[in-house]
Amino acid sequence: MIDIQSLDVVFGHGRKVFHAVRDVSLHVEQGQSYGLVGESGSGKTTVLRALAGLLGRVARVSGEMRVAQESLQGQLRSQQFRRHVQMVFQDPFGSLHPRHTVDTILSEPARVHRLDRIEQRVVQALEEVGLDASFRFRYPHQISGGQRQRVSIARALITDPEIILLDEPTSALDVSVQAEVLNLLMRLKREHGLTYILVSHNLAVIAHMCESLSVMQNGAVVETMSVQQLRDHSPAMPYTSQLMIASLGYDRAAIDAFEEFG
Amino acid sequence: MTQVPEAPLLSVEDLHVTYDTPTGLVRAVSGVSFELGREKLGIVGESGSGKSQTGRAILGLTAPGGQVRARRLDFEGTDLLNANHSTMRRIRGAGISMIMQDPKYSLNPVMTVGAQIAEAFRIHSKASKQEARLRTLEMLRTVKIREPERVYKAYPHEVSGGMGQRIMIAMMMIPEPDIIIADEPTSALDVTVQLQVLAVLDDMISERGMGLIFISHDLNLIASFCDRILIMYGGKVMEECTAADLGQAKHPYTRGLLNCLPSLEGGHDELPVLQRDPSWLTSPGVPE
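Sequence order as written defines residue numbering, which begins from 1 separately in each chain. Both sets of labels track the order of writing: A upward for chains, 1 upward for ligands. In keeping with the model being predicted, local features are shown solely for residues with a pLDDT of at least 70 and side-chain atom pairs are shown and tallied solely at 80 or more, while totals for entire chains, interfaces and linings include all residues.

Visitor: How should I be thinking about the overall build of chain A in this particular structure?
Guide: Looking only at helices and strands, chain A has 10 helices and 10 strands in total. The globule rule used for comparison is 2.2 Å times the number of residues to the exponent 0.38, while the radius of gyration itself is calculated over C-alpha atoms. For 262 residues, the compact-globule estimate of 2.2 N^0.38 gives 18 Å, and the C-alpha radius of gyration of chain A, at 19 Å, lies within 12% of that figure. Principal-axis analysis of the C-alpha atoms gives chain A an extent of 55 × 40 × 35 Å. With 262 residues in all, chain A has 41% of them scored as buried. A run of H or I in DSSP becomes a helix once it reaches four residues, and a run of E becomes a strand once it reaches two; helices and strands are each numbered from the N terminus. The burial label depends on the number of other C-beta atoms within 10 Å of a residue's C-beta. Counts of 20 or more mean buried, 12 or fewer mean exposed, and intermediate counts mean partly exposed, with C-beta atoms placed from the backbone.

Here is the structure:
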């Protein structure tokens, strides 16, 4: 479904050049959930943005990307691609227009793609994310963080996508709300046969949601593994095992053994 | 070894924080009581549980418009509720100090790191500039900053998030307070850096025999880092337990929070969702 070969992303010129993604390759089957995990600055979000064509001209992107047999050129994407690949962002405060109602937010992608029965689609999308039709005429500031993230997911669903790119979809939420949103994402995937790429710094969230994952650090993939390897605590690379130990909580003795990975 | 029972550093009894808003009275904290000794006390809760408001009320940092009431708010014999401004100024820093979440916003952007830490020291002592400089460099070394001389002269925007938080810890520790209140001190950091920063804090607290109030939303982190935990919800304490016994917690809210966390070993099954019960707020404590 998604095939990325030796992706490189470079920002800036001359002395200020920054190599954000280095030689990243990954393959995602249809109906799979694929995790990208790493610390801040590891390039996981940049991979997602490069795939979605959101880097524009600020970055130099090289490598080969194919989505559903369509070969992607540069950062331009076809109408077809933009309809079938949707994205959900981390911060539901920043990604919803503060002066648009939920109704406007949800119907805009449908209008852009000249879809029919817009009103019906809006109501149905809200229903699918567990919000009733009364939310249509509210503004983002009138609803809670969890509800806002549900609206972001509904917006992604409006165009009947096949692939949803999820960039830290629950890291701004409380754990109880995170559980609800993760359950929702799992159910939608089952019902619509969606394919996910999920970016997160939280190994437990990735382990819960995904079948395979890549661990990234400094722009490169350190290790690609199945979720079973993660559950068995048997990663091959020392960086991954340090990340696993750290995600288990505070252990004074283990911290002294932490290494710097540059 | 038998422990000599000593008076608690801080006693909080029936603390209330309320805000009068155009839409009615908001009860941010209602009826919180606890005592803090020379230990690591964790306050855990979700957003809006009143955990940060509790920490701020102790230091008299409640936002304008907020009302703080308590039967007792006592720090080593000083009544914090009725203390005047100059007493509070002496206590803030030298008695109780606070580490905030994001060093980007809580460090002064136009002052070098060294000058800020030295200032914190000189305000609470009669030390000379030269002495303050030496103490600051020593403090930077204590919080495991490798090139203290270079960092002394750096501005906050020139250091990383993890280093910024070590600088905050150095600044809060240098007047040698008895209590540190840390409000989500490492939530903005990557996991490994987070643990390294906590290790620095942990070592200093146990060496100096201080009390720590650690406020966080992260149940796992609090359970592994603190000695004792208060679980807050809706401005009230739902349950209090030792960190080791968190697994056996009885309150349905605590159990719900524990259960809804995804785990490394867990399957792809549906996560149990927390069902909130209004009776938790009318009768706090573990239901029979």
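Visitor: Got a minute to help me understand the overall build of chain B in this structure?
Guide: From N to C terminus, chain B includes 11 helices and 11 strands. At 20 Å, chain B has a C-alpha radius of gyration in line with the 19 Å of a compact globule built from 288 residues. Considered along the principal axes of its C-alpha atoms, chain B spans approximately 60 × 55 × 50 Å. Put simply, chain B has 288 residues, and 42% of those count as buried.

Visitor: It is not clear to me how unusual backbone geometry should be interpreted in this structure. Could you clarify?
Guide: Comment: phi is negative for the bulk of residues other than glycine, and the bulk of peptide bonds are trans. Located in the positive-phi region is A:Arg117, a residue other than glycine, with phi close to 45°. Residue placement: A:Arg117 occurs in the loop between helix 3 (102-112) and helix 4 (118-128). Even without a glycine there, the phi angle at B:Glu76 is positive, about 45°. Inspection of the secondary structure puts B:Glu76 in the loop between strand 5 (72-75) and strand 6 (78-79).

Visitor: Where do I start with helix 1 (residues 51-58) of chain B in this structure?
Guide: Count 3.6 residues to each turn of an α-helix, and residues three or four apart come out pointing the same way. Residues and elements named next belong to chain B. For helix 1, the buried fraction is high: eight of the eight residues fall into the buried class. For helix 1, the set of buried residues is Lys51, Ser52, Gln53, Thr54, Gly55, Arg56, Ala57 and Ile58. One or two residues past the end of helix 1 sits Gly60, with phi positive at roughly 70°.

Visitor: I tried to follow the confidence of the model for chain B on my own but got confused; where do I start?
Guide: Reading predicted coordinates in detail is not appropriate for stretches of low pLDDT. Per residue, pLDDT captures the predictor's confidence, and it can take any value from 0 to 100. Mean pLDDT for chain B: 90, with 98% of residues reaching 70 or above. This complex was scored by the predictor with a pTM of 0.89 and an ipTM of 0.84.

Visitor: What is the right way to look at the packing of helix 4 (residues 113-123) of chain B against helix 5 (residues 129-142) of chain B in this model?
Guide: In a pair of packed helices, the angle between the axes and the distance between the axes together describe the arrangement. Residues and elements named next belong to chain B. Between helix 4 and helix 5, whose axes approach to 9 Å, the crossing angle comes to 115°. Overall, the two elements helix 4 and helix 5 adopt an arrangement that is roughly perpendicular. Crossing of helix 4 against helix 5: the hand is right-handed. On helix 5, the residues touching Gly114, Ile117, Ala118, Phe121 and Arg122 of helix 4 are Ala132, Arg133, Arg135, Thr136 and Met139. Only Asp, Glu, Lys and Arg are considered charged in this grouping, and only Ala, Val, Leu, Ile, Met, Phe, Trp, Tyr, Cys and Pro are considered nonpolar; every other residue, Gly among them, is considered polar. Class assignment of the residues belonging to the contact of helix 4 with helix 5 gives a composition of five nonpolar, two polar and three charged. The axes used here are C-alpha line fits, helices contributing only the stretch in contact, and every angle between their N-to-C directions lies in the interval 0 to 180 degrees. In this scheme, roughly parallel covers angles under 35 degrees and roughly antiparallel covers those over 145, while 65 to 115 is roughly perpendicular and the rest are oblique. Note on convention: the crossing is left-handed when the near helix lies turned anticlockwise from the far helix by less than a right angle, right-handed when the turn is clockwise. Any residue pair is listed as a contact if its two C-beta atoms, each placed from the backbone, are within 7 Å.

Visitor: How should the sheet that holds strand 8 (residues 195-200) of chain A be read in this particular structure?
Guide: Pairing between the strands of a sheet is mediated by backbone hydrogen bonds and can be parallel or antiparallel. All names here are of chain A. Here, a strand pair is defined by DSSP locating no fewer than two bridges between the strands. If you walk across this open sheet you meet the six strands as 6-7-8-3-9-10, and the pairing is mixed. Here the strands that pair on one side only, and so sit at the sheet edges, are strand 6 (85-88) and strand 10 (220-226). Going from strand to strand, the sheet's axes swing by 15° on average, the running direction of each strand aside. Relative to strand 7 (residues 163-167), strand 6 is paired through four bridges, and the arrangement is parallel. Bridge assignment links Met87 to a residue of strand 7, and that residue is Leu165.

Visitor: Quick question: what am I supposed to make of the interface of chain B and chain A here?
Guide: How big an interface is tends to be expressed through the accessible area that disappears when the partners come together. In this assembly, 30 residues from chain B lie in contact with 28 residues from chain A. Counting residues per element, the ones that place at least two in the side of chain B that touches chain A are helix 8 (191-208), helix 9 (219-225) and helix 10 (252-259) of chain B. If one sorts the elements of the side of chain B that touches chain A by residue count, helix 8 of chain B sits on top with seven residues. By residue class, the composition of the side of chain B that touches chain A is 15 nonpolar, 10 polar and five charged.

Visitor: It is not clear to me how the environment of B:Phe34 should be interpreted in this structure. Could you clarify?
Guide: Residue and element names in this part refer to chain B. With respect to the helices, strands and loops of the structure, Phe34 is situated in strand 2 (residues 24-36). Spatially, the C-alpha atoms of Phe34 and Ser11 are 6.2 Å apart, while their sequence positions differ by 23 residues. The contacts of Phe34, once residues within four sequence positions are left out, are Val12 and Leu230.

Visitor: Can you help me understand the sheet that holds strand 9 (residues 211-216) of chain B in this one?
Guide: Residues and elements named next belong to chain B. Across the sheet, which stays open at both edges, the six strands sit in the order 7-8-9-3-10-11 with mixed pairing between neighbours. Every interior strand has two partners, whereas the edge strands, strand 7 (96-99) and strand 11 (236-242), have only one. Along the sheet, successive strands turn relative to each other by an average axial angle of 20°, direction set aside. Looking at chain direction, strand 8 (residues 179-183) and strand 9 are connected through five bridges and run parallel. Each bridged residue has a counterpart across the sheet, and for Ile180 the counterpart in strand 9 is Leu212.

Visitor: What should I look at first to understand the pairing of strand 3 (residues 33-38) of chain A in this one?
Guide: Remember that side chains alternate between the two faces of the sheet whenever the strand is regular. Residues and elements named next belong to chain A. Counting buried positions over the six residues of strand 3 gives six, a clear majority of the element. With burial as the criterion, each face of strand 3 is covered, one bearing Ser33, Gly35 and Val37 and the other bearing Tyr34, Leu36 and Gly38. Looking at chain direction, strand 3 and strand 8 are connected through five bridges and run parallel. Paired with Val37 across the two strands is Ser200, which belongs to strand 8.

Visitor: Is there a simple way to explain the environment of A:Leu55 in this structure?
Guide: Its place among the elements puts A:Leu55 in the loop between helix 1 (44-52) and strand 4 (59-67). Spatially, the C-alpha atoms of A:Leu55 and A:Val9 are 9.3 Å apart, while their sequence positions differ by 46 residues.

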